[in-house]
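# What the coordinates show
Spelled out from the first residue to the last, the chains are:
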Amino acid sequence: MRKNETRIYFLAGDGSILAVKKCGATDGKGRPVTASQTILGADLPNIPWQDRPAGSSRVMWRYAANPVIPRDLIPCANSIFNSAVVPFQGAFAGVFRADDRRRTMRVHAGRSGDGIDWEIDNEPIRFVGAAPEVAESGHYYDPRVTEIDGRYYVTWCNDHHGPTIGVGWTDDFRTFRQLENAFLPANRNGVLFPRKIGGNYAMLSRPSDWGHTPFGDIFYSESPDLEYWGRHRHVMARKGGWQSLKVGAGPVPIETAAGWLLIYHGVLLSCNGYVYSCGAALLDLDEPWKVTHRCSDYLLSPQTIYECVGDTPNVVFPCAALTDAATGRIAVYYGAADTVTCLAFAEVDELIAFIKDHNEL
């Protein structure tokens, strides 16, 4: 419970809790916050946060001190981007894509007290426990991290005779164990749901090709054991405008009273190449392959210098989201121009209302 917070419980006849109302809460710096009951998850009073700039009406806004992680934070790195962050032991931990100076794609573990200032290991993660055939990989990139029942699962794009979805786990962000790849090549953007659906693990992914993939829809799959995947369902196709070429899942879906909040990337092909933007949709809680609402407008598109200029210009690529259930605050980590890592913020009730007001299935 937060400081100065009162909770009012509404009970059913059998004593079960129907709803909770939180009043008088303050954040980690003693500032009053607005209560929200929309996010179905844990409180995170130390979530990184910056209020919306004065005069701005944007539903998602950038951190004023972006990028939070420069391209050369560690000696080996050419660039650090498209990375995943989670709450861990009262602070934060993550898995970070760091392309080295040979331009080999690797992932590194990192830790932070506040989600802003990071210490990232210079040595890449060495996964253990995999079968020799699975452990052979030339590249590891675009990781996501999902906490399920106290264990932290990592998914990433794994090079196994073509791009596929690697799966591993850690308890301490020191030792990482690798499981079987989820799918055959070619596939990218594997993102686990934070709980089982109908008793099975659930994952979103985007079947692709061996190159830069000038197409792509989001699909849903289930597994009883994180090894054998099936029950594949189509979730979302590309549409016009900013998402006309391809779409792919971004951060771990956020469970809300309105459905699974999916923040995703969409790509258009301009006369100057690919342009990656960030959008959002709502999925059915019980059948997540069913899209109930989908926002026609992007939330972020490459407009700042650090998003428009870099190793791959014009990229906003969301990979992680922290949430605070008490306030409805969301902090989104995204890669910019395939070079640096940045932060953006939103409030869940505003974001859901924006999606519904701009719904276009």
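Before going further, it helps to examine the pairing of strand β16 (residues 246–249). Across the two faces of β16 the burial is the same, with Lys246 and Gly248 and Val247 and Ala249 all buried. Note: β16 against strand β18 (residues 259–270), 4 bridges, orientation antiparallel. If you follow Val247 over to β18, its bridge partner there is Gly266.

Turning next to the pattern of salt bridges. Side chains that carry opposite charge are capable of pairing whenever their charged atoms lie near each other. In this structure the tally under the stated criterion is 13 salt bridges. Its salt-bridge partner being Arg151, residue Asp171 comes within 3.4 Å of it at the nearest N-O pair. Here Arg151 lies in strand β9 (residues 151–159) and Asp171 lies in the loop between β10 (163–170) and β11 (177–178), a separation of 20 residues in the sequence. Exposure remark for Arg151: the relative accessible area of 27% places this residue in the partly exposed category. Between Glu255 and Arg195 there is a salt bridge, with its nearest N and O atoms 2.9 Å apart. Highlighted residues: Glu255 in strand β17 (residues 254–256) and Arg195 in the loop between β12 (187–192) and β13 (201–207), separated in sequence by 60 residues.

With that settled, the discussion passes to the packing of aromatic side chains. Taken as a whole and assessed by the stated rule, the structure comprises 19 aromatic pairs. Considering the side-chain rings of Tyr63 and Phe345, the 6.1 Å spacing of their centres and the 85 degrees angle between planes classify their relative orientation as edge-to-face. Separated by 282 residues along the polypeptide, Tyr63 in the loop between β3 (61–62) and β4 (77–88) and Phe345 in strand β23 (residues 340–347) bring together distant segments of the chain. With respect to burial, Tyr63 and Phe345 carry one shared label: buried. Measuring from ring centre to ring centre gives 5.0 Å for Phe96 and Trp118, while their planes differ by 65 degrees; the resulting arrangement is edge-to-face.

We now examine the confidence of the model for the protein chain. Here the protein chain shows a mean pLDDT of 92. Residues at 70 or above account for 90%. Ignoring residues within four places in sequence, the model shows residues 1–25, a span with pLDDT below 50, making 51 contacts including any to other chains.

Spatially, 4 strands are ordered β3-β23-β22-β21 in an open sheet, and the strand pairing comes out antiparallel. Looking along the sheet, the strands with just one partner apiece sit at the ends: β3 and β21 (316–324). Of the strands in this sheet, β22 (329–336) and β23 touch helix α3 (residues 348–357), which is tilted by about 85 degrees from β23.

On to the nonpolar core, then. Met60, Leu261, Ile330, Tyr334 and Leu351 are the most contacted members of the largest nonpolar core, which has 28 residues in total. Of all the elements in the fold, those that place two or more residues in this core are β18, β19 (273–283), β21, β22, β23 and α3. With 23 residues, the next largest nonpolar core counts Phe92, Phe96, Ala320 and Leu343 among its residues.

Look at the link from Asn66 to Pro67: it is a cis peptide, with omega at -5 degrees. Among the structural elements, Pro67 can be located in the loop between β3 and β4. Between Pro185 and the following residue, Ala186, the backbone shows a cis peptide bond with an omega angle of 5 degrees. In the Ramachandran plot, Ala337 falls in the positive-phi region, its phi being about 55 degrees despite a non-glycine side chain. Its place among the elements puts Ala337 in the loop between β22 and β23.

On to the side chain of Gln178. On the secondary structure map, Gln178 appears in strand β11. Residue Gln178 is classed as buried on the basis of its relative accessible area of 4%. Contact partners of Gln178, with chain neighbours within four places excluded, come to Phe127, Val128, Gly129, Ala130, Val134, Ala135, Trp156, Asn158, Val167 and Gly168.

Here we take up the sheet that holds β4. Read across the sheet, 4 strands follow the order β4-β5-β6-β7 without closing on themselves; strand pairing throughout is antiparallel. Across the chains shown, the open sheet's two edge strands, defined by having one partner strand only, are β4 and β7 (118–120). Going across the sheet, the axis of each strand differs from the next one's by a mean of 30 degrees, ignoring polarity. Bridge count between β4 and strand β5 (residues 91–100): 9 bridges; the pairing is antiparallel. Bridging from a neighbouring strand, Ala77 pairs with Asp100 of β5.

Criteria and cut-off values
Residues numbered from 1 in each chain as written. Predicted model: local features only at pLDDT ≥ 70, side-chain atom pairs only at ≥ 80, totals over all residues. Heavy atoms only, no water. Buried < 20%, exposed > 50% of the residue type's maximum accessible area, 1.4 Å probe, protein only. Helix = DSSP H or I, 4+ residues; strand = E, 2+ residues; numbered from the N terminus. Pairing = 2+ DSSP bridges. Salt bridge = Lys/Arg side-chain N within 4 Å of Asp/Glu carboxyl O. Phe/Tyr/Trp six-rings, centres within 6.5 Å; stacked < 30°, edge-to-face > 60°. pLDDT = per-residue confidence, 0-100. Contact = heavy atoms within 4.5 Å. Axes fitted to C-alpha atoms, helices over the stretch in contact; angles between N-to-C directions. Core = buried A, V, L, I, M, F, W, Y, C linked by side-chain atoms within 4.5 Å.

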